[in-house]
Amino acid sequence: MLPRSGDVLHVTRAASVQFLRPITFRVIRVLDWPTYDGWLWLDGYQLNASGDAVSRRSIFVQQAGLTQLRAATVPRQHTARSRRPVNRAPIAVG
C-alpha cells in the first residue's frame, strides 16, 4: 500500500526504529527523494489522540511497516454548472 495524500497512518517501530512510541500521522505527500528499496519519505502531520495536528514532520519509514487507520476520502466528481455571461460593455470615464 503506497500512502496517498489524506491517509491517516499508525507509524510504529515496524516502520522504523525511531518510533519507539507509535504516532498517528496524516500524509500530505510522498516525497520523491532517493531512498533504499522499500523505504519512503513522507511529509505530513503528527496527530494527537483527538485527531488534531500537533506538528508537521517529514519521516523516513519502511512501506511494509505502515498501518492505515483511515483512507483518504474520495474526491467528488466535478459538476459543471452553467455560468451567467459577464456584461463587458464599455463605461464612460470622466
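Higher on the page you've got the structure.
A short tour of the structure in this document, coming up. Quick caveat, the model's predicted, so the values are computed rather than measured. (Residues numbered from 1 in each chain as written. Predicted model: local features only at pLDDT ≥ 70, side-chain atom pairs only at ≥ 80, totals over all residues. Heavy atoms only, no water.)

**Quick look at the overall build of the protein**
Logical step 1: Across its full length, the protein carries 0 helices and 5 strands.
Logical step 2: Helices and strands appear in the protein in the N-to-C order β-β-β-β-β.
Logical step 3: Its C-alpha atoms give the protein a radius of gyration of 21 Å, clearly above 12 Å, the size a compact globule of 94 residues would have.
Logical step 4: Structurally, the protein occupies a C-alpha span of about 70 × 35 × 30 Å along its principal axes.
Logical step 5: Looking at the protein as a whole, 26% of its 94 residues qualify as buried.
Logical step 6: A sequence separation of at least 24 residues applies to 41% of the contacts in the protein between residues at least 6 apart. (Helix = DSSP H or I, 4+ residues; strand = E, 2+ residues; numbered from the N terminus. Rg over C-alpha atoms; globule rule 2.2 N^0.38 Å. Buried < 20%, exposed > 50% of the residue type's maximum accessible area, 1.4 Å probe, protein only. Contact = heavy atoms within 4.5 Å.)

**Things to note about the pattern of salt bridges**
Logical step 1: Under the defined criterion, the tally for this structure stands at 2 salt bridges.
Logical step 2: With a closest N to O distance of 3.0 Å, Asp43 and Arg29 form a salt bridge. Note that Asp43 is positioned in strand E3 (residues 39–47) and Arg29 in strand E2 (residues 23–31), a separation of 14 residues in sequence.
Logical step 3: We classify Asp43 as buried; its relative accessible area is 4%.
Logical step 4: We note a salt bridge from Asp43 to Arg56, for which the minimum N-O separation is 2.8 Å. Placement of the pair is Asp43 in strand E3 and Arg56 in strand E4 (residues 53–62), with a sequence separation of 13 residues.
Logical step 5: A relative accessible area of 48% means that Arg56 is categorised as partly exposed.
Logical step 6: One network of salt bridges, in which partners are shared, links Arg29, Asp43 and Arg56. (Salt bridge = Lys/Arg side-chain N within 4 Å of Asp/Glu carboxyl O.)

**Some thoughts on the side chain of Asp43**
Logical step 1: Here Ser58 takes part through its side chain, which lies 3.2 Å from a polar atom of the side chain of Asp43.
Logical step 2: Residues in contact with Asp43, not counting those within four places in the same chain, are Phe25, Arg26, Val27, Ile28, Arg29, Leu31, Arg56, Arg57 and Ser58. (Polar contact = N/O pair within 3.5 Å; in protein donor to acceptor, adjacent residues only side chain to side chain.)

**Quick word on the nonpolar core**
Across soluble globular proteins, nonpolar side chains show a tendency to be buried alongside one another.
Logical step 1: With 12 residues, the main nonpolar core is built from Leu9, Val11, Ala15, Phe19, Ile23, Phe25, Val27, Leu40, Leu42, Ile59, Val61 and Leu66.
Logical step 2: Listing elements by their share of this core, those giving two or more residues are strand E1 (8–11), E2, E3 and E4.
Logical step 3: Ranked by the residues each element gives to this core, the list is headed by E2, at 3 residues. (Core = buried A, V, L, I, M, F, W, Y, C linked by side-chain atoms within 4.5 Å.)

**Let's talk about the environment of Thr12**
Logical step 1: Looking at where Thr12 falls in the secondary structure, it is placed in the loop between E1 and E2.
Logical step 2: On a C-alpha basis, the gap between Thr12 and Asp43 in space is 16 Å, while along the polypeptide they are 31 residues apart.
Logical step 3: Ignoring any residue separated from it by four or fewer positions in sequence, one finds Thr12 in contact with Phe19, Pro22 and Gly65.

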